[in-house]
Amino acid sequence: MKKARLLAIGDDVCDKYLSRGKMYPGGQAVNTCAYAVMNGVEAAFLGKFGSDEVAQCLKDTLDALGIDRSRCRSFEGENGFACVTLAGSDRVFIGSNKGGVAAVNPYGFTQEDLDYIKGFDLVYSDLNAYVEDDLPLIASAGVPIAYDFSLRWTDEYLARICPHIQVALLSCAHLDKEAREREMKKAASYGVPLVLGTIGEEGSWLLYRDRFYYAPAVLSDDVFDTMGAGDSYFATFLSCLLKQGLGGERFPDGGEDRSETLVEAMREGAAFAAKVCGMEGAFGYGVPIAGRIIDNRN
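Quantities reported herein were computed from a predicted structural model and do not represent experimental measurements.

## Things to note about the overall build of the protein
A tally of helices and strands in the protein yields 8 helices and 14 strands. Against the 2.2 N^0.38 benchmark of 19 Å for 298 residues, the protein shows a C-alpha radius of gyration of 18 Å, consistent with a compact globule. The C-alpha extent of the protein, read off along each of the three principal axes, is 50 × 45 × 40 Å. Relative to its full complement of 298 residues, the protein shows a buried share of 55%. Intrachain contacts of the protein at a sequence separation of at least 6 include 69% that bridge at least 24 residues. Per element, the accessible surface of the protein, about 12,500 Å² overall, is 49% carbon and sulfur. Of note, the protein has its 30 positive side-chain charges centred 1 Å away from the centre of its 43 negative side-chain charges.

Set out below in structure tokens:
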């Protein structure tokens, strides 16, 4: 059986932990690739690298994990990075370079890129990917798209993105039940078949075929660092579906009622996220901090 393949298009950053003197590879798209590989799915990354030590750290890590980066763009200048400290085991972002080269250089997708995209079962992207203008073109490749809205969406943003995607993730811990269901239904109203709403330690909800399904969170016994917890949940959820053969034209359900499979994928996502909370950074691979430090607290 052919191994399921996921392509993440988007952000690659290093998280510089001032409290440890280390930086760790990350960014939602890179994290998704790493967690997909950990879950037995073949992953590739398409993003934008700078020309500094941060970019090299990311390239080295992707290579070590066997994640293809052959279609990535490279630009002269700083790679994206964020500066982080810890409050207990919770990450606290204290500054960044606002995406570095990724924020000011377009992807410039080509027909060769679209042909490459067609070789995957699922495309992942997110609101930090600077991909909004390119999404209709990416969708034209005919590969289903999963999109992480994090907690920063608006009605206008949903209207812009949702017509092109098949699964949406909304981080809803800041919303009450009524508001969460309202926002999830908004995304579904654009034809999105799967809408996930995560609520942190309270678990997650899925809107599928006009019904809500719940899965509880799994609390870690040894929380070291919560970086990547949400990304690991979503990546595992997607990986579970791909390993069930629900990719490409069969995504998300192949025409059958897959509610039991979907809830099981939610449970597996919660269990894997709990394990990730015991890792340094998003998924390890820390190296000494290089480059600038930005602290917006000063």
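## Here we look at the sheet that holds strand β4 (residues 42–49)
Ordered in space as β5-β4-β1-β8-β9-β10-β11-β12-β13, the 9 strands form an open sheet in which the pairing is mixed. The open sheet has two edge strands, β5 (73–74) and β13 (211–215), and neither has a second partner. Two elements, strand β8 (residues 122–126) and strand β9 (residues 145–148), share 4 bridges in a ladder whose sense is parallel. Opposite D126, over in β9, you have D148 as the bridge partner. Packing against the sheet, helix α1 (residues 28–38) makes contact with β1 (5–10), β4, β8 and β9, and its axis sits at approximately 160° to β4.

## Concerning the pattern of salt bridges
A complete count under the given rule lists 14 salt bridges for this structure. For K177, the salt bridge identified is with E181, shortest N-O distance 3.1 Å. Note that K177 and E181 are positioned in helix α6 (residues 177–188) at a spacing of 4 residues, about one turn of the helix. What makes K177 exposed here is its relative accessible area of 52%. Owing to a relative accessible area of 18%, E181 belongs among the buried residues under this scheme. The partner of R267 in a salt bridge is E264, with the nearest N and O atoms 3.8 Å apart. Within this pair, R267 and its partner E264 are both found in helix α8 (residues 259–276), separated by 3 residues, close to a single helical turn. Salt bridges sharing partners connect three or more residues here, namely D155, R182, E183 and K186.

Rules used throughout
- Residues numbered from 1 in each chain as written.
- Predicted model: local features only at pLDDT ≥ 70, side-chain atom pairs only at ≥ 80, totals over all residues.
- Heavy atoms only, no water.
- Helix = DSSP H or I, 4+ residues; strand = E, 2+ residues; numbered from the N terminus.
- Rg over C-alpha atoms; globule rule 2.2 N^0.38 Å.
- Buried < 20%, exposed > 50% of the residue type's maximum accessible area, 1.4 Å probe, protein only.
- Contact = heavy atoms within 4.5 Å.
- Areas by Shrake-Rupley, 256 points an atom, 1.4 Å probe, with all protein chains shown as cover.
- Lys, Arg positive; Asp, Glu negative; His and termini not counted.
- Charge placed at Lys NZ, Arg CZ, Asp CG, Glu CD.
- Pairing = 2+ DSSP bridges.
- Axes fitted to C-alpha atoms, helices over the stretch in contact; angles between N-to-C directions.
- Salt bridge = Lys/Arg side-chain N within 4 Å of Asp/Glu carboxyl O.

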